[in-house]
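# Residue-level structural notes
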Number of protein chains: 2
Amino acid sequence: MLCWWLGPSTHPVREEFVITTISDVGEFGVIARVVAGLDAVPSTLIGPGDDAAVIATSDNRVVASTDMLIENRHFRRDWSTAEDVGHKAAARAFSDIAAMGATPSALLVAFGAPGTLELSWVDGLVAGLRAECAAAEAAVVGGDVTEADVITLALTALGDLDGARPVTLGGAQAGDTVAVCGRLGWAAAGFAVLGRGFRSPVQVVNAHRRPEPPYFEGQRAAALGATAMTDVSDGLVADLGHIAEASGVRIDLRAELMDVPAKLREVGAALNVDPLVWVLTGGDDYALVATFPKRTELPDPWRTIGSVAGGEGVRVDGRRWPKGGHEHFRR
Amino acid sequence: MLCWWLGPSTHPVREEFVITTISDVGEFGVIARVVAGLDAVPSTLIGPGDDAAVIATSDNRVVASTDMLIENRHFRRDWSTAEDVGHKAAARAFSDIAAMGATPSALLVAFGAPGTLELSWVDGLVAGLRAECAAAEAAVVGGDVTEADVITLALTALGDLDGARPVTLGGAQAGDTVAVCGRLGWAAAGFAVLGRGFRSPVQVVNAHRRPEPPYFEGQRAAALGATAMTDVSDGLVADLGHIAEASGVRIDLRAELMDVPAKLREVGAALNVDPLVWVLTGGDDYALVATFPKRTELPDPWRTIGSVAGGEGVRVDGRRWPKGGHEHFRR
């Protein structure tokens, strides 16, 4: 068994076979593919391969968040490539870091899969994870690989506040402005398109496959004085509901301030769906939404969409909006 | 749907039912059970409930490790209670932190389970996780809950080096002493007992169910000048193999220095197994094994078991020992 995991070239018996599945290389072979030629970032003091990673922080704090994604629940292999899944999983994890006003620094990847999974899928996943890490200026620093019946990913993102205060859900004040940065409704439109068996328009389908969270706008919002912030993972109204609840305030959105891009109107018309519903309730775009003191001068790409008042819940044009959002286990 | 997740007392229609499964309370109900009355530790600056947690570090570094555990692969519900699973999962995670010479600070828990899982199992798991966190002087700071076909846990442990240098796998030098701290072979004996359908002796069965890693001996070993260290998760020989490989050295163990407790000899005699095999190859006890400069005065509970020489691999009484250890996906 010695040196088996270094690959087929060290094991002559297997040279005649084409390696195609995880079982052919084993756990350590998979790990080797994850870590080979890994890009380092300056904050990675000790990367993968030891008992634990060591990551530098610019102050005496670290921001941490974890997410689990399971095949056919959080992604479908017939709708997304392995690279798409890697991009989206990392984006989802880093988005939580940005939502605290921090910047991403590191990613830990726990990965479970059946032994029959093609190695090319693993390679694609790793490529997607790494590319999204590069976009977020972070690095894969560690992980775990295990056998599982379905592809299971648990990603932990770490981030750095760089001396600034964290922006929580609980600081919104009556009188604040509500503003958003990033796409809304695009992933939901893509999901609707895929759900009806179509593959285009590619702009919305790709938005579902690879979100583009505005990672560095979270830190900027904190510097601008954001009083509360979150990322839109479950839908704008649902996620603002968490701010309303944690802050003990009411959030009033104005539909006329919502940007409903021509592309979403076009897809909405084709599918007979009001695209404003995607904008207000669609998740998975990972926009950032924050509250700011009233007179804050908001730079592009932040867009004002409403205001904070005394009370509770989220209203759109004065109308109470159902809480909505996806909840696991609910039948 | 508003306030549903606060529990049955706010929803009169359900008061007549007894809540027994996850589906009855939903994702947010499960989360509420995980975070309710959570013990805080001073390093938890922001705990569960926000987009991400914020954890204080005593220096500008954080140590991080992640592990995935899946029902019927890493644990069996008929062999271990939910509380046992919580204890062991957290112990396994924190053990990696100790193996770097750091002390545990925080735990992030990603949890997947079928909607039919009894809530009492979740409560037991949470109790076990919290109790083990208390033993490690750390806290649950965040997590994620999702639906899954089988119980799936992905735990990320964070730790603090407290100004000290991390102890990696790669620093062992020829001439060093090899020493161990913690139990060896106990969990393997317990696993063997359970595998043959027995439930006693309880000492070994409980060792399988709830390991007792010497969390704070990792930091102590670092202070004593340990040159390399790891935790024994896969078996002493297998894990020392990682040190031998990373350090480019040979590790010589002496069987006569191995502590084979009377209880293991007794169980070995009953099952017709040489208990030394459990001590050398059994995993899941999470002892710490480290190399130290030759003249290091090693305090209890560290026990010398061998030495480091030039070469490669691990030998027991001069005999090359098969690499061994469990590898996922290998048939």
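Computed from a predicted structure; not experimentally measured.

With that settled, consider the relation of the copies chain B and chain A. For the pair chain B and chain A, the relating rotation is 180°, the translation along its axis is 0.0 Å, and the fit reaches an RMSD of 0.0 Å. What the rotation and shift describe, once combined, is the action of a two-fold rotation axis. Identified as the residue of chain B closest to the rotation axis by C-alpha distance is Asn60 of chain B, at 2.5 Å. In this assembly, 100% of the residues forming the interface of chain B have copies in chain A that are likewise at the interface, indicating an isologous arrangement.

Looking now at unusual backbone geometry. The step from Ser200 of chain A to Pro201 of chain A runs through a cis peptide bond, and the omega angle for that step is 5°. Tracing the sequence through the fold places Pro201 of chain A in the loop between helix H4 (186-195) and helix H5 (202-209). Here the residue pair Asp300 of chain B and Pro301 of chain B is connected by a cis peptide bond, since its omega of 0° sits within 30 degrees of zero. Examined against the element boundaries, Pro301 of chain B turns out to sit in the loop between strand S10 (288-292) and strand S11 (303-309). Positive phi outside glycine occurs at Asp162 of chain A, with the angle close to 55°. Among the structural elements, Asp162 of chain A can be located in the loop between strand S6 (152-160) and strand S7 (177-181). In this model, Asn272 of chain B sits at a positive phi of 60°, which is unusual for a non-glycine residue.

It is worth spelling out the interface of chain B and chain A at this point. Counting from both sides, the interface comprises 65 residues of chain B and, opposite them, 66 residues of chain A. With nine residues, strand S3 (residues 61-70) of chain B is the largest single contributor of residues to the side of chain B that touches chain A. Across the side of chain B that touches chain A, the residue classes tally to 32 nonpolar, 18 polar and 15 charged.

Quick look at the confidence of the model for chain A now. Residue and element names in this part refer to chain A. Averaged over chain A, the pLDDT score is 91; the fraction of residues at 70 or greater is 91%. Counted against residues more than four places away or in other chains, residues 1-15, with its pLDDT under 50, gives 15 contacts. Both scores are given for the predicted complex: the pTM is 0.92, the ipTM 0.91.

With that settled, the discussion passes to the domain arrangement of chain A. Residue and element names in this part refer to chain A. If you check the domain split of chain A, you get domain 1 (20-160) and domain 2 (177-320). Between the C-alpha centres of domain 1 and domain 2 there is a distance of 26 Å. Contacts between the two partners involve 18 residues from domain 1 and, on the opposite side, 18 residues from domain 2. When contributions to the side of domain 1 that touches domain 2 are tallied by element, the ones reaching two or more residues are helix H2 (82-98) and strand S4 (103-113). Take the side of domain 1 that touches domain 2: its biggest share by element is nine residues, from H2. Class assignment of the residues belonging to the side of domain 1 that touches domain 2 gives a composition of nine nonpolar, five polar and four charged.

Thresholds, definitions, all that
- Residues numbered from 1 in each chain as written.
- Chains lettered and ligands numbered in written order.
- Predicted model: local features only at pLDDT ≥ 70, side-chain atom pairs only at ≥ 80, totals over all residues.
- Least-squares fit on C-alpha atoms with pLDDT ≥ 70 in both.
- Contact = placed C-beta atoms within 7 Å.
- Helix = DSSP H or I, 4+ residues; strand = E, 2+ residues; numbered from the N terminus.
- Nonpolar A, V, L, I, M, F, W, Y, C, P; charged D, E, K, R; others polar.
- pLDDT = per-residue confidence, 0-100.
- Domains from an automatic or database assignment.

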